[in-house]
Each structure stands twice: as structure tokens, then as C-alpha cells.
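An overview of the molecular structure
Here is how the chains run, residue by residue.
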Amino acid sequence: MIKAMDAVADLVTPGADDAAHGGSRRVVRVRVLRQDVAGGESYFERFEVPYEPNMNVISVLQKVASQARSQDGRRVAPVAWDCSCLEEVCGSCTMLINGRTRMACSALVDSLVSTDGDEIELRPMSKFPVVRDLVVDRRRVFRGLEKVKAWVPVEGSYDLGPGPRISPEDQEDAYPLTECMSCGCCLEACPQYTKVETVRRDDESEADFEKRRKAAFDSGFVGAHAISQAMLFNSHPTGRMIADERMEALTAKGGIQMCGNAQNCVAVCPKHIPLTRSIARAGRAATVWAIKKLFDR
Ligand code: SF4
Ligand code: SF4
Ligand code: FES
């Protein structure tokens with residue numbers, strides 16, 4: 001196995017300028033799949049930025065943006081990407097790093113180099129429409145949550161008295177599911193979750209386009225994150241008030257029946273959420289729901 005420091009030496013090489021002057025500036029090389037506009041052609045561009053200890057992919061991208069020059073010295077538009085919290089909480093910085101779906105803020109350069117070799121490749125997620133460069137339109141992730149009503153239905157701020165008690169065992173069971181940050185890694189890795197891209201027609205109103213887009217989202221697979229959140233809120237004493245509505249959504253077109261149980265989702269979730277457990281629970285609940293509906297006729 002390559003030792004981390006040897007591999008860093010491979011990747012982090014003297015830059016062209018410094019080599020010419022006998023210097024030893026160390027650089028990080030990165031190859032970014034770029035796209036200037038939504039629906040446009042994509043192309044790779046290479047960059048080289050000064051190495052610093054403990055860099056993550058976001059800090060590499062910040063340097064790429066500040067120098068706005070490609071590896072061959074051309075002035076280019078800064079690369080666009082999404083991020084916010086920088087501590088694996090907001091879920092906004094998901095991208096394909098060396099072919100794996102993961103969070104850019106927790107992807108450390110030294111560790112990437114030690115496992116993957118001397119150039120870091122960045123691509124936008126493939127299951128969502130590209131807005132620009134590494135920025136994708138993740139509206140469908142949130143539509144999935146909306147579809148299964150992933151919330152506790154309490155309206156207003158009246159004093160309703162203390163909420164129902166939840167046992168420590170149930171809290172422990174539910175807590176891992178609450179860590180979902182809607183990053184979409186589970187969706188990117190899922191073979192059943194295929195890209196849905198809708199483009200507004202010239203003669204279409206904003207409202208009509210939104211309706212058509214929602215229908216397109218709803219006809220595709222809802223995804224492991226939404227299934228898991230539906231199970232979380234169906235297990236909550238107040239949340240279960242609308243459990244039937246969630247089951248209706250989970251058994252409609254694009255629901256749990258589309259899951260092929262490949263288990264890619266659980267393997268890539270950065271929060272290690274027990275997604276296959278949620279999916280198994282949802283499957284059992286769907287069977288009970290279908291029988292109940294049969295007898296309710
Ligand atoms: S188990 Fe289901 S949700 Fe998870 S990756 Fe497989 S098909 Fe997708
Ligand atoms: S379940 Fe995991 S991978 Fe999927 S959106 Fe939530 S945190 Fe991300
Ligand atoms: S920036 Fe928030 S998860 Fe990476």
C-alpha cells in the first residue's frame with residue numbers, strides 16, 4: 001500500500017514557476033468537469049493550486065476560484081460550486097470526487113492522494129441537472145421530502161401543553177434518522193433513481209411549468225432519504241397523526257415498490273444512516289397498509 005506521505009509527494013509536486021527558479025513550491029492538481037450553462041456542453045479543465053497542509057476539496061476550489069487560471073496559464077471563469085457549513089451538516093457540497101459521491105468539505109486532500117493517486121477529479125452529481133460547473137439543481141431531493149410529508153404536523157405556536165413522552169429506547173432508535181442532511185449521496189448511488197430534467201417551454205407559464213416538473217419528479221423513484229424520513233415521522237407520536245398520508249405517498253407511483261434493494265444507498269451515506277433498516281420497515285408497513293386498504297373498501 002502506498003504510504004500517505006509518499007503519495008502526497010507524488011501529487012504535491014514543484015510548480016512550473018518554482019521549478020524554473022530552482023524552488024520547491026508544492027502544488028495540488030485538480031481536474032474539474034465544467035459546464036458553463038444549464039443544458040450546455042461539458043468539458044474538463046485542469047488547475048494547479050499551492051498545497052497547504054490539511055486542505056479539503058473546498059479549500060482547493062477556493063484557491064482555484066481566486067486565481068481563475070487554468071493549469072496552462074489561461075484566464076478562465078472561476079469554477080462554481082455549492083457549500084455552506086463546511087462541517088458535513090448542511091448537505092450542500094455533494095459532488096463526485098474521484099468517481100465517488102461524497103461531501104467536498106470532509107474530503108481531505110492528503111487522504112484522497114494516499115488512496116487515489118496524483119490528480120483529484122471533480123464532477124457534478126450525475127442524477128441532477130447541472131446549473132453550472134459543480135452546482136446542480138437539487139429541487140427533487142426536497143420534493144421527495146414534501147411528497148412524503150416529512151414533518152410533524154403542528155401548526156401555530158399555541159400552548160398545547162407538554163408533548164407526548166418518547167421513551168429513551170425510541171429516541172435512540174429515531175436519532176440516527178434525524179441526522180439526514182438531504183445531501184443526495186444515497187440518490188446519486190441508487191440505480192433506481194434516474195435523472196429527471198424538465199425544461200420550460202416558451203409558451204408555458206411559471207405555474208404550469210412548476211406543476212409539470214412536480215409531476216415528473218413524482219413519477220420517478222422517491223429515494224431512500226424520503227423513505228427513511230417517512231419512517232422517522234411515522235414513528236413519532238405526533239407525526240404519526242398523518243401516517244396514512246405518508247403511506248399513501250410511499251405506495252404511489254415512484255414509491256417503495258421501486259426499490260431494488262441494491263443497498264448502494266447505505267454504503268455511501270456520509271451520516272451512516274441505517275437506510276436499509278428504514279427501507280425494510282417501509283416495505284413491511286406498505287404491506288400492512290395495502291391489506292388495510294383492501295378491508296376498508
Ligand atoms: S436499496 Fe433501494 S434505495 Fe437503496 S440504493 Fe438500492 S434501490 Fe436505491
Ligand atoms: S440518507 Fe444519508 S445520503 Fe441520503 S440524503 Fe440523508 S444524509 Fe444524505
Ligand atoms: S458544506 Fe455543508 S456539508 Fe459540506
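Residues numbered from 1 in each chain as written. Chains lettered and ligands numbered in written order. Predicted model: local features only at pLDDT ≥ 70, side-chain atom pairs only at ≥ 80, totals over all residues.

On a plain count of helices and strands, the protein comes out with twelve helices and eight strands. With the principal axes as the frame, the protein shows a C-alpha extent of 80 × 55 × 40 Å. For the protein, the residues scored as buried account for 32% of the 297 residues in total. Counting only contacts in the protein whose residues sit at least 6 apart along the sequence, the fraction spanning at least 24 positions is 67%. (Helix = DSSP H or I, 4+ residues; strand = E, 2+ residues; numbered from the N terminus. Buried ≥ 20, exposed ≤ 12 C-beta atoms within 10 Å, placed from the backbone. Contact = placed C-beta atoms within 7 Å.)

Moving on to the domain arrangement of the protein. Per the domain assignment, the segments making up the protein are domain 1 (4-132) and domain 2 (138-157 + 164-296). Relative to domain 2, the C-alpha centre of domain 1 lies at a distance of 33 Å. Domain 1 puts 13 residues into the contact, and the matching count from domain 2 is 15 residues. Considering each element in turn, the side of domain 1 that touches domain 2 owes the most residues, three residues, to strand β5 (residues 100-103). Among the residues forming the side of domain 1 that touches domain 2, the class breakdown is six nonpolar, four polar and three charged. (Domains from an automatic or database assignment. Nonpolar A, V, L, I, M, F, W, Y, C, P; charged D, E, K, R; others polar.)

Surrounding ligand 2, one finds 15 residues, the nearest of these being C180, C183, C186, H225 and C269. Of all the elements in the fold, those that place two or more residues in the shell around ligand 2 are α7 (185-189) and α9 (224-234). The biggest single contributor to the shell around ligand 2 is α9, with three residues. (Near = placed C-beta within 6 Å.)

Moving on to helix α4 (residues 109-116). The periodicity of an α-helix, 3.6 residues per turn, causes residues three or four places apart in sequence to face the same way. All buried positions along α4 are accounted for by V109, L112 and V113. For α4, the arc enclosing every buried residue in end-on projection is 95 degrees, short of the 170-degree limit, so these residues lie on one face. Where α4 terminates, the next one or two residues include G117, which has phi positive at roughly 100 degrees. (Arc of directions from axis to C-beta.)

Running from N to C, helix α6 (residues 168-178) and α9 point in directions that differ by 145 degrees, and their axes come no closer than 10 Å. Two packed elements cross with a definite hand, and for α6 against α9 that hand is left-handed. Counted together, A174, L177 and T178 of α6 and S228, Q229, M231 and L232 of α9 form the full contact between these two elements. Taken together, the residues of the contact of α6 with α9 break down into four nonpolar, three polar and no charged. (Axes fitted to C-alpha atoms, helices over the stretch in contact; angles between N-to-C directions. Left-handed = near helix turned anticlockwise from the far one by under 90°.)

The immediate surroundings of ligand 1 are formed by A189, C190, Q192, A224, C259, G260, N261, A262, Q263, N264, C265 and I279. The class makeup of the residues in the shell around ligand 1 is seven nonpolar, five polar and no charged.

The subject of this paragraph is the pairing of strand β6 (residues 120-123). Sheet analysis places strand β2 (residues 26-35) next to β6, joined by three bridges and oriented parallel. Following the sheet pairing, V30 is matched in β6 by I120. (Pairing = 2+ DSSP bridges.)

Here we take up the environment of A226. Within the element layout of this structure, A226 appears in helix α9. Using a count of 32 C-beta atoms within 10 Å as the deciding quantity, one classes A226 as buried. For the pair A226 and L145, spaced 81 residues apart in sequence, the C-alpha separation works out to 5.2 Å. Every residue in contact with A226, bar those within four places of it in the chain, is listed here: G144, L145, K147, V148 and A150.

Summarising burial for α9: eleven of the eleven residues are buried, a large majority. Here α9 has its buried residues at A224, H225, A226, I227, S228, Q229, A230, M231, L232, F233 and N234. If you follow the buried residues of α9, they end up packed against α5 (139-147), α6, α7, α10 (243-250), α11 (264-268) and α12 (275-296).

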